[in-house]
Amino acid sequence: MRTWLVLGLFAVAGSALGQLTEVERKGLVDTLFIGNMNLKDLDFARRPYEGPFRLPLVNLSIDNPLEASTRLFDIHTKAGKAGASELISMASAELGFTAGSAVVAPSSADVFPLELPKELVEPIRRLGIAVALANAFVRTAQAKLKPTEVRILIESLPQWAVEEPSIKFEFVKGAMTPPRELLEIVGRLDLGAMVAGGKALAASVEREMTGLKQLVSNMKWEGLLKLQIAGMVTIVAGVGDNVHRDRDARLVIDLGGNDSYYGRAGAGPGHAALSVDLGGNDQYKLPDVGAGCGLVGIGLAYDFGGHDNFRGGSLCFGVGIAGVGAFFKEGGDDSYQSATMSQGFGCFGIGLLIDTRGNDLYKLELLGQGAAKTMGWGQLVDRVGDDTYRAGGLVLNSPLFTNVHYSNAQGYASGYREDTGGLGGGIGLITDAGGDDAYIGETYCQAASYWFALGSLYDAAGKDTYNAYHYAQASAMHMCGAYLFDLAGDDAYMTNFGASHAIGHDYGVAFLLDRQGSDIYAGRDSSPGTGNANGLGIFIDAAGDDRYSGPAGVGNPARNSGSLGVFVDLAGQDQYRTGLEDSEAAYREQWGVAYDVETKPALEVGTQAGPPPPPVGSVARPTDEALEKLYQRATQWNVGSAQGDVKLAMNQLIGIGMPAMTWMIEKRLPAASRLEQRAFVDLMSAIGEPAKTAIYVVIAGPDDAASNVAMMICIDGSAMEAGPSVALAIKLPKRQRVASRAAGLLGGSGAVDDLVALAEGPDRLTALNAIISLGLLGETKGVALASKLLESNELPIRRAAIGVLAKSPDGLVIGGSLAAGSTEQNVRTGIDLLSAIGSQEALNQVGAKLTDERPGVRISALIALNGRAPEIYRQAVLDCRRDPDARVRAVALRIDPGR
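This text gives an overview of the structure that appears in the document. This is a predicted model, so every value here is computed, not measured.

1. Here we look at the overall build of the protein chain
Regarding its fold elements, the protein chain presents 26 helices and 42 strands. A compact globule built from 899 residues should have a C-alpha radius of gyration of about 29 Å, and the protein chain, at 30 Å, falls within 12% of that. Looking at the protein chain residue by residue over its 899 residues, the buried ones come to 63%. Put simply, the protein chain shows about 32,300 Å² of open surface, and 53% of that area lies on carbon and sulfur atoms. Each charge sign in the protein chain was given a centre, from 79 positive and 102 negative side chains, and these centres are 4 Å apart.

Dropping the structure here:
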């Protein structure tokens with residue numbers, strides 16, 4: 001394993017809340033307080049899978065959102081002022097790329113033509129030597145690869161990264177090498193040496209530019225020379241209007257004029273290259289692999305001054321794929337337009353686009369504007385100006401939509417999903433330091449991520465508009481992080497569909513901070529601060545008169561546990577369409593909490609039911625090939641235009657009956673994805689007992705993977721007769737995480753002793769499953785353990801322990817004892833337990849706490865009594881609406897005492 005794959009522990013600079021103001025910090029703490037939570041409760045386990053290429057910063061974004069937000073905030077802040085060499089250094093540190101073997105600096109004794117102004121000779125010689133040195137780093141990086149393997153990477157990595165067979169590249173001649181072989185070759189590439197070469201070349205350019213720009217400021221020379229420096233083709237052009245078509249030049253220097261570029265100046269496919277343009281209104285019309293592309297190489301391009309028009313195919317304007325690519329533009333109102341993997345994209349490398357100022361237009365079809373895939377860093381940095389970012393229009397997001405495309409841009413990153421863990425992703429960042437900007441995308445954009453990756457958007461100032469369709473604006477899908485920071489201005493956040501405004505789905509973590517301005521959050525399904533499928537969404541709006549279209553602070557139940565959604569609005573006269581009012585708080589099961597801090601006012605498309613399936617067993621068993629095709633159709637994503645086809649295929653499998661089930665168990669069960677498991681459930685439910693029996697046999701069989709999938713199928717299909725088989729499976733270590741969940745849902749009473757042991761084990765997710773199952777089974781053996789776990793430092797486990805005790809005859813005594821204690825945390829936990837019991841005696845004990853001197857105790861009592869307060873305590877509930885503590889009042893305003 002190369003050093004660039006050895007990812008050490010991640011050190012975080014600064015405090016965990018370094019980017020939050022004291023007011024923001026207090027608002028977050030108070031909001032969690034309302035839900036009987038604290039900051040540590042944000043850090044529950046969210047990584048059910050392990051796998052290769054997991055970046056420390058990505059892991060941090062999943063594990064500890066506040067530390068990750070601090071680190072990201074710092075990265076964005078520095079990026080707003082940094083040059084290319086510093087950005088490369090920052091990115092390489094986060095990716096874990098370390099320099100390999102030393103590289104000998106080349107020298108040059110080349111004789112320059114007399115036509116070249118003599119004052120330019122030494123600066124150009126130094127730049128030529130810098131490119132030659134970078135090329136030496138490239139050769140060192142490729143030392144363990146054959147030339148044919150370098151070519152494989154050049155042709156296959158872009159195809160693998162784009163994940164869309166319909167997209168073709170002009171430089172690709174053959175089919176894509178299989179991913180396993182491709183990754184083995186990448187593993188022998190010394191990316192540390194590649195990055196060191198890119199950083200050295202960028203630093204050399206930065207050292208030379210001030211002096212070189214002064215030399216040419218009054219220069220009249222208009223010649224054009226093609227010469228050699230250190231054996232490399234070099235083009236030097238004067239201040240006239242020049243045309244550059246060269247594809248073999250490693251160094252291109254143009255001193256000024258309104259120039260046109262059609263070749264590969266500043267592109268490094270398999271080698272190092274540099275282009276520098278020192279002025280004029282230039283036109284770029286580039287092929288695939290254009291300026292600023294490092295493809296298994298290093299490609300840097302600089303353009304200073306002028307209002308420029310940048311047009312390119314794919315892989316241009318700052319892309320690093322198994323290499324380093326950077327495009328630097330200083331000044332001017334510019335227009336960028338390209339196809340895919342451009343404008344700041346990285347995969348096993350670093351891709352940067354830096355624009356220092358001007359009102360710029362960025363247009364991209366797919367994957368860029370700060371996007372990344374596995375082990376990649378893609379970043380777009382725009383420092384000053386009113387800019388427009390537009391992404392999408394090439395690849396349909398089908399079958400979910402018929403006319404909406406993927407963007408995969410504007411702070412986006414993803415890995416490669418497999419239900420056994422898959423491959424980790426990269427880090428995609430877009431940093432805009434100032435101006436009134438417009439971000440326009442379709443799906444997966446504007447701080448979005450997928451599968452062990454991290455996407456982030458940072459906008460420091462201006463009245464900005466965010467417009468997207470779906471999966472956008474702090475949207476984290478499946479074990480990943482999505483962080484959006486907007487620090488100033490009256491902003492509009494709009495989504496047409498949903499999954500936006502800080503939604504963490506399936507262990508994902510989403511974080512949205514809007515610091516200033518009167519903002520609009522609108523969308524068909526907008527729920528700012530949503531946790532779904534055990535995810536976490538944190539939403540903080542610190543100031544302004546804001547408008548919200550959906551309920552805020554939503555936590556949805558999942559896997560017999562919960563998800564955490566946190567919503568904080570700290571100031572302003574706000575309006576909500578539903579779910580909250582200004583100056584109110586709300587706590588929702590499970591577990592959403594929203595708090596609008598009191599501010600004193602200043603002077604789907606439906607589907608038609610198809611035909612019923614034929615009787616089970618009425619259709620003859622087709623060939624294995626035909627069964628495979630039916631299976632593929634039946635296990636599509638059952639949305640949009642695919643729904644009809646899924647229904648027809650599933651009906652055919654039901655008609656075939658047990659022969660189809662037997663084939664599916666033998667051929668597909670061990671590796672069945674969640675979509676495939678749904679097909680098993682539908683077929684098992686239609687066939688009945690014979691299919692269930694076949695699945696039960698697998699649960700107790702020798703194959704761990706097949707057993708785990710079979711238990712998931714029984715859970716989804718409510719196959720209660722599987723309990724005895726689950727009791728056998730839970731004794732095997734590789735099956736315990738799934739079996740500990742299945743035992744409670746499938747009546748595995750024979751597994752109780754194992755559940756008690758696992759509930760105290762080191763695997764926190766298995767422990768959570770075990771304690772939930774003990775509660776579902778209502779077993780007395782779990783009571784003592786549950787009592788102890790009420791003091792667990794993990795929120796889901798504490799809540800699950802309450803579920804166990806609420807079903808026990810001892811629960812009332814335990815809850816009453818805790819509620820009568822002196823420690824506020826324990827008192828509130830006791831109230832939660834009494835609330836879960838819900839008997840008249842339990843609620844009477846809760847009602848007595850409405851006058852407790854501690855605000856947190858009164859809050860917990862109010863929440864517990866919502867809609868069911870005993871008659872003698874209903875007036876006390878109403879009295880809390882005038883409580884001296886604003887947090888208590890905020891909760892009480894949402895409480896119905898009951899009738």
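2. Comments concerning helix H17 (residues 752–759)
With respect to burial, H17 is a largely interior element, 6 of its 8 residues being buried. Those residues of H17 that sit buried are Val752, Asp754, Leu755, Val756, Leu758 and Ala759. Those residues of H17 that are buried lie in contact with helix H16 (736–745), helix H18 (764–777) and helix H19 (783–789).

3. Structural notes on the environment of glycine 422
Within the secondary structure, glycine 422 is located in the loop between strand E22 (412–414) and strand E23 (427–432). C-alpha of glycine 422 to C-alpha of phenylalanine 73: the two residues are 349 residues apart in sequence and 28 Å apart in space. With residues up to four places along the chain from it excluded, the contact list for glycine 422 reads Gly51, Pro52, Arg54, Tyr416 and Trp451.

4. Some thoughts on the sheet that holds E22
One open sheet accounts for 11 strands, arranged E6-E9-E12-E15-E18-E22-E26-E29-E32-E35-E38; its pairing is parallel. Only two strands of the sheet have a single partner each, and these edge strands are strand E6 (267–269) and strand E38 (554–555). Lying over the sheet, helix H6 (residues 147–162) contacts E6, strand E9 (293–295), strand E12 (319–321) and strand E15 (345–347), oriented at roughly 110 degrees with respect to E15.

5. Some details on the nonpolar core
Most often, soluble globular proteins have nonpolar side chains that are buried together. Counting 183 residues, the largest nonpolar core has Leu274, Tyr302, Leu315 and Phe348 as its most contacted members. The greatest single-element share of this core, amounting to 11 residues, is contributed by helix H5 (residues 118–141).

6. A word on the side chain of arginine 799
Locating arginine 799 in the fold gives a position in helix H20 (residues 795–806). Filtering out sequence-adjacent residues up to four positions away, arginine 799 remains in contact with Gly35, Asn36, Tyr587, Trp591 and Asp832.

7. Remarks on the packing of aromatic side chains
Summed over all chains, the structure comprises 43 aromatic pairs. A centroid spacing of 5.1 Å and a plane angle of 80 degrees characterise the contact between phenylalanine 401 and tyrosine 469, whose relative ring orientation is edge-to-face. With phenylalanine 401 in the loop between strand E20 (388–391) and strand E21 (406–409) and tyrosine 469 in strand E28 (residues 465–472), this pair connects stretches of sequence that are 68 residues apart. A relative accessible area of 8% places phenylalanine 401 in the buried class. Relative to phenylalanine 497, the ring of phenylalanine 401 has its centre 5.2 Å away and its plane inclined at 85 degrees; by these criteria the two rings are edge-to-face. Separated by 96 residues along the polypeptide, phenylalanine 401 in the loop between E20 and E21 and phenylalanine 497 in strand E31 (residues 492–500) bring together distant segments of the chain. In terms of burial, phenylalanine 401 and phenylalanine 497 fall into one category: buried. Sitting above the plane of the phenylalanine 44 ring, arginine 46 keeps its charged end 4.5 Å from the centroid. When the ring centre of phenylalanine 33 is taken as reference, the NZ or CZ atom of arginine 828 above it lies at 4.6 Å.

The rules behind the values
- Residues numbered from 1 in each chain as written.
- Predicted model: local features only at pLDDT ≥ 70, side-chain atom pairs only at ≥ 80, totals over all residues.
- Heavy atoms only, no water.
- Helix = DSSP H or I, 4+ residues; strand = E, 2+ residues; numbered from the N terminus.
- Rg over C-alpha atoms; globule rule 2.2 N^0.38 Å.
- Buried < 20%, exposed > 50% of the residue type's maximum accessible area, 1.4 Å probe, protein only.
- Areas by Shrake-Rupley, 256 points an atom, 1.4 Å probe, with all protein chains shown as cover.
- Lys, Arg positive; Asp, Glu negative; His and termini not counted.
- Charge placed at Lys NZ, Arg CZ, Asp CG, Glu CD.
- Contact = heavy atoms within 4.5 Å.
- Pairing = 2+ DSSP bridges.
- Axes fitted to C-alpha atoms, helices over the stretch in contact; angles between N-to-C directions.
- Core = buried A, V, L, I, M, F, W, Y, C linked by side-chain atoms within 4.5 Å.
- Phe/Tyr/Trp six-rings, centres within 6.5 Å; stacked < 30°, edge-to-face > 60°.
- Lys NZ or Arg CZ within 6 Å of the ring centre and 35° of its normal.

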